[in-house]
Amino acid sequence: MSAALEVRLQHALPGFDLDAALSLGREIGVLFGPSGAGKSLMLRLIAGLMRPREGEVRLNGRILSGTAWVPPQERRIGYVFQHHALFPHMSVLENVVYGARGLPREKALAEARRLIQEFRLEGLEARRPKSISGGQKQRVAFARALIAKPELLLLDEPFSALDGPTRVHMRDCLARLMRSLGIPVLLVTHDLAEARSLAERMFVLIGGRVLQHGRPEEIVQEPASEAVRELTRAG
Amino acid sequence: MSWGPLLLSLKVSLLATALVAAAGLLAAFALANARFRGKSLVESALLLPMVLPPTVTGYYLVLLLGRHGLLGGSLYRWTGWNVLFTWQAAVVASAVVSFPIMVRSAQTAIESVDPEMVDSSTMLGYTRAETALYVVLPLAWQGILAGIMLAFTRAIGEFGATLMLAGNIPGRTDTMPLAIYASAASGDWSQAHLLVAMLTALSVVLLTAARHYSRSVL
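Model, not experiment: these values are computed from the prediction.

Rules used in this analysis
Residues numbered from 1 in each chain as written. Chains lettered and ligands numbered in written order. Predicted model: local features only at pLDDT ≥ 70, side-chain atom pairs only at ≥ 80, totals over all residues. Heavy atoms only, no water. Helix = DSSP H or I, 4+ residues; strand = E, 2+ residues; numbered from the N terminus. Contact = heavy atoms within 4.5 Å. Rg over C-alpha atoms; globule rule 2.2 N^0.38 Å. Buried < 20%, exposed > 50% of the residue type's maximum accessible area, 1.4 Å probe, protein only. Lys, Arg positive; Asp, Glu negative; His and termini not counted. Charge placed at Lys NZ, Arg CZ, Asp CG, Glu CD. Axes fitted to C-alpha atoms, helices over the stretch in contact; angles between N-to-C directions. Parallel < 35°, antiparallel > 145°, perpendicular 65-115°, else oblique. Left-handed = near helix turned anticlockwise from the far one by under 90°. Nonpolar A, V, L, I, M, F, W, Y, C, P; charged D, E, K, R; others polar. Pairing = 2+ DSSP bridges. Buried area = accessible area lost by both parts, 1.4 Å probe. Salt bridge = Lys/Arg side-chain N within 4 Å of Asp/Glu carboxyl O. Polar contact = N/O pair within 3.5 Å; in protein donor to acceptor, adjacent residues only side chain to side chain. Expected span 1.5 Å × (residues − 1). Core = buried A, V, L, I, M, F, W, Y, C linked by side-chain atoms within 4.5 Å.

Student: I'd like a description of the overall build of chain B, backed by residues and values.
Tutor: For chain B, the helix and strand inventory stands at 10 helices and 0 strands. For chain B, the sequential pattern of α-helices and β-strands runs α-α-α-α-α-α-α-α-α-α. Oriented by its inertia axes, the alpha-carbon framework of chain B measures out at about 65 × 45 × 25 Å. Considering only residue pairs separated by 6 or more positions, chain B has 72% of its internal contacts joining residues 24 or more positions apart.

See below:
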């Protein structure tokens, strides 16, 4: 089976050079690396929020970047941002419904209510984002990203804005959900414990290069280089 | 005492502000989104009427809109009408002078919207225009409103460019600032006092309102 997501990207920013490739099936991939490694840049390039200098992004056989260019609006990619990026002028329900662009209003409302229930957000429909907790905000962001049934889910440090206990709890809840989606999920983190507990496939990104990829346990037990060993040393 | 100058000022300033609000909002969106070489030069050019003496701005407008001007010449040939020394000229003068204030406030407000909000809306499938309408405007409206109020305040106080372009014709182009000058020059102090008091009160009210909505510009 060929991979659902195939990415090969080259991009240059002042003082930084990205040259990385990865391929991912319908599984959870974790892009793991220190800050400044180019993780978020890679997500933005895959999403089409930035144009790569060179390379190709292919999702379920469709070329998104490369010989063709699909604008980000038409990529069918769900994106959960680091700080959730909920719209403060909309209620929880409106935020989720906003994700269902193109769906008839009635259908969008029904689907949003279903997701709100699935994410255990009942009772919060009319609340504004500033009056709900961090964990709830994150669930709203997930519901909003999933309502349009994306073919790929990108998560930029989705748990970093949460505090310790909430973080572990949310991670476990969402891991189950993400596995049940049946689409490729690519998550960015610099937290080793998070990477190990979520990843079915892990990509170690350092200095704009994928230095190693594989199952997280393999990487931790048999790091291919000193840099990877250093980064994956437990504790 | 005549109510003419007050009514004329309100008519001229409201019209000028409506024009400035629409054009300024478009310009602000364009500038906030655009990345091009020479952007800062374009921004400076747009802001020029803010620092130029109004008489200089007015002088340029006369050159541009006069019967032999770049724009005014063609208009005169086609319609036989010229804007100089009409109340419409006062609208043009006020609009040009208050335009930079509107652009500046609106651009600051638009640029202060978290880029993640815009990216998020983009990834949910919305075009730039839709994102501007549904996300950016609702989040930036306070700064935009402050800009509109300041533009109105500037428009109603316009003197120099108006004098150059519209003259000071009693009953036709004598907006409040011009009427104050004429009253004082001719020694009609009671009229001058009254107009000055009205203009001051109006400006204080508008400035207070604008400051209420904008913490960043003022």
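Student: Give me the overall build of chain A: which residues, what numbers.
Tutor: Secondary structure summary: chain A contains 8 helices and 10 strands in total. Here the C-alpha radius of gyration of chain A, 18 Å, is about what a compact globule of 235 residues would show, namely 18 Å. Looking at chain A residue by residue over its 235 residues, the buried ones come to 51%. Sequence-distant contacts, at least 24 apart, represent 65% of the contacts inside chain A between residues at least 6 apart. Side-chain charges in chain A split into 33 positive and 26 negative, and the spacing between the mean points of these groups amounts to 5 Å.

Student: Can you explain the packing of helix α3 (residues 54–65) of chain B against helix α5 (residues 87–111) of chain B? Please cite residues and give values.
Tutor: How two helices sit against one another is set out by the angle between their axes and by the gap between those axes. Residue and element names in this part refer to chain B. As a packed pair, α3 and α5 sit with axes 11 Å apart at the nearest point and diverge in direction by 125 degrees. When the axes of α3 and α5 are compared, the pair comes out oblique. Crossing geometry of α3 relative to α5 is assigned as right-handed. Residues Thr57, Leu61 and Leu65 of α3 lie in contact with α5, whose contacting residues are Val92, Ala93, Val96 and Val97. Looking at the contact of α3 with α5 residue by residue, the classes come out as 6 nonpolar, 1 polar and no charged.

Student: Summarise the packing of helix α9 (residues 176–185) of chain B against helix α10 (residues 189–213) of chain B; cite the residues concerned and give the values.
Tutor: Residues and elements named next belong to chain B. Direction vectors running N to C along α9 and α10 enclose 150 degrees, while the axes themselves pass 8 Å from each other. As summarised for this structure, α9 and α10 are arranged roughly antiparallel, according to the angle between their axes. Judged by the twist between their axes, the crossing of α9 over α10 is left-handed. Between α9 and α10, the contacting residues are Met176, Pro177, Ala179, Ile180, Ser183 and Ala184 on the first element and Trp189, Gln191, Ala192, Leu195, Val196, Met198 and Leu199 on the second. Among the residues forming the contact of α9 with α10, the class breakdown is 11 nonpolar, 2 polar and no charged.

Student: Any details on the sheet that holds strand β2 (residues 16–24) of chain A? Residues and values, ideally.
Tutor: Residue and element names in this part refer to chain A. With antiparallel pairing, the 4 strands of this open sheet are ordered in space as β2-β1-β4-β5. With partners counted over all chains shown, the strands left at the sheet margins are β2 and β5 (62–65), one partner each. Across the sheet, the mean angle separating the axes of adjacent strands is 25 degrees when strand polarity is ignored. Pairing analysis gives 3 bridges linking strand β4 (residues 54–59) to β5, with the strands arranged antiparallel. Its bridge partner lying in β5, Val57 is registered against Ser65. Contacting β1 (5–13), β2, β4 and β5, helix α1 (residues 39–47) crosses the sheet at an angle of about 115 degrees to β1.

Student: An account of the interface of chain B and chain A is requested, with residue identities and associated values reported.
Tutor: On the chain A side, the residues contacting the 18 residues of chain B number 22 residues. Surface buried jointly by chain B and chain A totals about 1,800 Å² across both partners, of which 63% is contributed by carbon and sulfur atoms. When the area that chain B buries against chain A is broken down by residue, the three leading residues are Glu116, Met123 and Leu124 of chain B, summing to 38%. One salt bridge in this structure joins Arg44 of chain A and Asp119 of chain B, with 2.9 Å as the shortest N-O distance. For the interface between chain B and chain A, the tally reads 8 residue pairs in polar contact (both at pLDDT 80 or more). Only α6 (115–123) and α7 (128–156) of chain B provide two or more residues apiece to the side of chain B that touches chain A. In terms of residue class, the side of chain B that touches chain A is made up of 8 nonpolar, 6 polar and 4 charged.

Student: Tell me about the sheet that holds strand β9 (residues 201–206) of chain A, and name the residues and values.
Tutor: Residue and element names in this part refer to chain A. Strand order in the open sheet made by the 6 strands is β6-β7-β8-β3-β9-β10, with mixed pairing throughout. In this open sheet, the two edge strands, each paired with only one partner strand, are β6 (77–80) and β10 (209–214). Ignoring which end each strand starts from, the neighbouring axes of this sheet average 20 degrees apart. Bridge analysis of strand β3 (residues 28–32) against β9 gives 4 bridges, and the strand direction is parallel. Bridge assignment links Val30 to a residue of β9, and that residue is Met202. Lying on the sheet, helix α4 (residues 134–146) is in contact with β6 and β7 (152–156); it crosses β6 at an angle near 165 degrees.

Student: Can you tell me about the side chain of Arg167 of chain A, naming the residues and giving the values?
Tutor: Here Arg167 of chain A is to be found in helix α5 (residues 164–181). With residues up to four places along the chain from it excluded, the contact list for Arg167 of chain A reads Phe159, Ser160, Leu162, Asp191 and Glu194 of chain A.

Student: Hey, could you go over α4 of chain A for me, with residue numbers and the actual values?
Tutor: Along an α-helix, residues three or four apart share an orientation, since each turn contains 3.6 residues. Compared with an ideal rise of 1.5 Å per residue, which puts 13 residues at 18 Å, α4 of chain A spans 19 Å between its outermost C-alpha atoms and is within 8% of the ideal. Among the 13 residues that make up α4 of chain A, 10 are buried, leaving the element largely enclosed by the rest of the structure. Of the positions making up α4 of chain A, those classed as buried are Gly135, Gln138, Arg139, Val140, Ala141, Phe142, Ala143, Arg144, Ala145 and Leu146 of chain A. Considering only its buried residues, α4 of chain A is in contact with β6, α2 (92–98), α3 (105–118), β7 and α5 of chain A together with α6 of chain B.

Student: Explain the nonpolar core to me, and be specific about the residues and the numbers.
Tutor: Here is a general trend for soluble globular proteins: nonpolar side chains tend to be buried in one another's company. One finds Phe119, Phe142, Leu153, Leu155, Leu174, Met178 and Met202 of chain A to be the most contacted residues of the largest nonpolar core, which totals 46 residues. No other element matches α4 of chain A, which puts 6 residues into this core. Apart from residues no more than four positions distant in its own chain, Phe119 of chain A is found in contact with Arg139, Phe142, Ala143, Leu146, Leu174 and Leu177 of chain A. Judged by nonpolar contacts, the second largest core, of 41 residues, contains Tyr98 of chain A together with Ala16, Val20 and Ile110 of chain B.

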